[in-house]
Amino acid sequence: IIMKQKIIDHNIINNQLLPNKVNKESILKLFKQVNRNMFVDEDDRNIANIDENFYFSNKRFLLKSSTIGKLLNLIVGNNFSNVLNVGSTTGYSSVLLSKISNFVLSLESEISLHEKEKKILKFLEIENIRSINGDLHKGCRDYMPYDLIFINGCLKRTPSILLDQLNNKGYLVCIELNKYNLKKIVKYKKNKYTTEKKEYYIVNAPLLL
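Since the model is a prediction, treat every value here as computed from it, not as a measurement.

**Q** Let's hear about helix 3 (residues 65-73): which residues, and what values?
**A** For an α-helix, 3.6 residues make a turn, and residues three or four places apart therefore share a direction. The buried fraction of helix 3 is high, at 9 of 9 residues. Those residues of helix 3 that sit buried are S65, S66, T67, I68, G69, K70, L71, L72 and N73.

Right, here's the structure in full:
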């Protein structure tokens with residue numbers, strides 16, 4: 001099992017992350033620490049680690065590792081105290097975020113995936129993640145403000161409701177469908193009363209909101 005995991009780690013890092021310019025040692029370390037196979041059913045584990053978006057039976061999805069790595073590339077190095085992870089499915093990205101955050105609120109709308117996530121987090125004995133079942137569009141005002149909001153999928157429009165839940169120096173990272181029909185990774189940075197937006201890589205990501 002250990003040898004097989006080393007092969008998986010090697011594949012994700014050398015064949016998926018590094019060729020996509022995800023090369024910060026702190027990010028590579030995160031992917032070594034979290035086994036992606038834990039977050040899918042046993043029958044799907046042979047395809048969970050290829051560099052494609054993984055779809056659950058209910059049309060919800062887990063972003064491919066290189067896309068998650070590119071999103072993390074924009075925020076790693078910061079110390080986050082309160083994070084909202086939107087569209088967490090079974091919790092893979094939440095666990096990655098938990099390694100660089102004091103607390104992660106893991107928000108998933110699909111009840112079956114939410115229940116699986118709770119079981120996985122309990123098995124892994126991770127205590128700084130709280131799993132919530134709720135509307136992804138609305139975020140979660142009960143735990144705001146957040147210093148990071150991480151969105152697992154592509155948006156059709158600016159996530160205004162979620163941006164309102166950031167603190168005065170918070171970040172939001174996501175993927176947006178722009179007017180040219182391109183899906184680009186985007187980082188929003190809040191600075192008191194203004195919000196700065198920067199566009200980065202073009203990626204292949206399914207629509208989430």
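**Q** Residue-level account of the side chain of N73, with values.
**A** Counting through the fold element by element, N73 comes out in helix 3. Taking the relative accessible area as the measure of exposure, N73 reaches 10% and is therefore buried. For N73, the side chain forms a polar contact with the main-chain oxygen of K21, separated by 3.5 Å. With sequence-adjacent residues up to four places away left out, N73 is seen in contact with K21, V22, K24, I27 and Y201.

**Q** Hey, could you go over the pattern of salt bridges for me, with residue numbers and the actual values?
**A** It is possible for side chains of opposite charge to pair when their charged atoms get near one another. Scanning all chains against the criterion turns up 6 salt bridges. Taking the shortest distance from any N to any O, the salt bridge between K184 and E199 comes out at 3.6 Å. With K184 in strand 8 (residues 183-191) and E199 in strand 9 (residues 194-202), this residue pair connects regions lying 15 residues apart in the sequence.

**Q** How would you explain the packing of aromatic side chains if you had to name every residue and give the values?
**A** Under the counting rule described, the total for this entry stands at 6 aromatic pairs. Taken together, a centroid distance of 6.1 Å and an interplanar angle of 55° make the contact between Y55 and F61 tilted. Here Y55 falls in the partly exposed class, since its relative accessible area comes to 46%. One cation-aromatic arrangement involves R60 over F61; the distance from NZ or CZ to the ring centre is 5.5 Å.

**Q** Got a sec to walk through the nonpolar core? Specific residues and values, please.
**A** Counting residues in hydrophobic clusters, the biggest one holds 65 residues, and the most contacted among them are F31, L72, I75, L84, I149, I151 and L172. For this core, the leading source of residues is strand 6 (residues 146-155), giving 7 residues. With residues near it in sequence (within four places) discarded, L72 still touches I27, L30, F31, L96, L97 and F150.

**Q** Break down the sheet that holds strand 6 for me, citing the residues and quoting the values.
**A** Strand order in this open sheet of 7 strands is 5-4-3-6-7-8-9, and the pairing throughout is mixed. This sheet does not close on itself; its edge strands, each paired only once, are strand 5 (129-133) and strand 9. Pairs of neighbouring strands in the sheet enclose a mean axial angle of 15°, with direction left out of account. As defined by bridge partners, strand 8 adjoins strand 9 across 7 bridges and the pair is classed as antiparallel. The residue of strand 9 that forms the bridge with K184 is I202. Packed on one face of the sheet, helix 5 (residues 111-124) meets strand 4 (104-108) and strand 5 and runs near 160° to strand 5.

**Q** I'd like a rundown of the environment of C174, residues and numbers included.
**A** Tracing the backbone shows C174 in strand 7 (residues 166-177). Along the sequence, C174 and I68 sit 106 residues apart, while their C-alpha atoms lie 9.8 Å from each other. When residues no more than four places from it in sequence are discounted, the contact partners of C174 are L71, I151, L155, K184, I185, V186 and Y188.

Rules of the game
Residues numbered from 1 in each chain as written. Predicted model: local features only at pLDDT ≥ 70, side-chain atom pairs only at ≥ 80, totals over all residues. Heavy atoms only, no water. Buried < 20%, exposed > 50% of the residue type's maximum accessible area, 1.4 Å probe, protein only. Helix = DSSP H or I, 4+ residues; strand = E, 2+ residues; numbered from the N terminus. Polar contact = N/O pair within 3.5 Å; in protein donor to acceptor, adjacent residues only side chain to side chain. Contact = heavy atoms within 4.5 Å. Salt bridge = Lys/Arg side-chain N within 4 Å of Asp/Glu carboxyl O. Phe/Tyr/Trp six-rings, centres within 6.5 Å; stacked < 30°, edge-to-face > 60°. Lys NZ or Arg CZ within 6 Å of the ring centre and 35° of its normal. Core = buried A, V, L, I, M, F, W, Y, C linked by side-chain atoms within 4.5 Å. Pairing = 2+ DSSP bridges. Axes fitted to C-alpha atoms, helices over the stretch in contact; angles between N-to-C directions.

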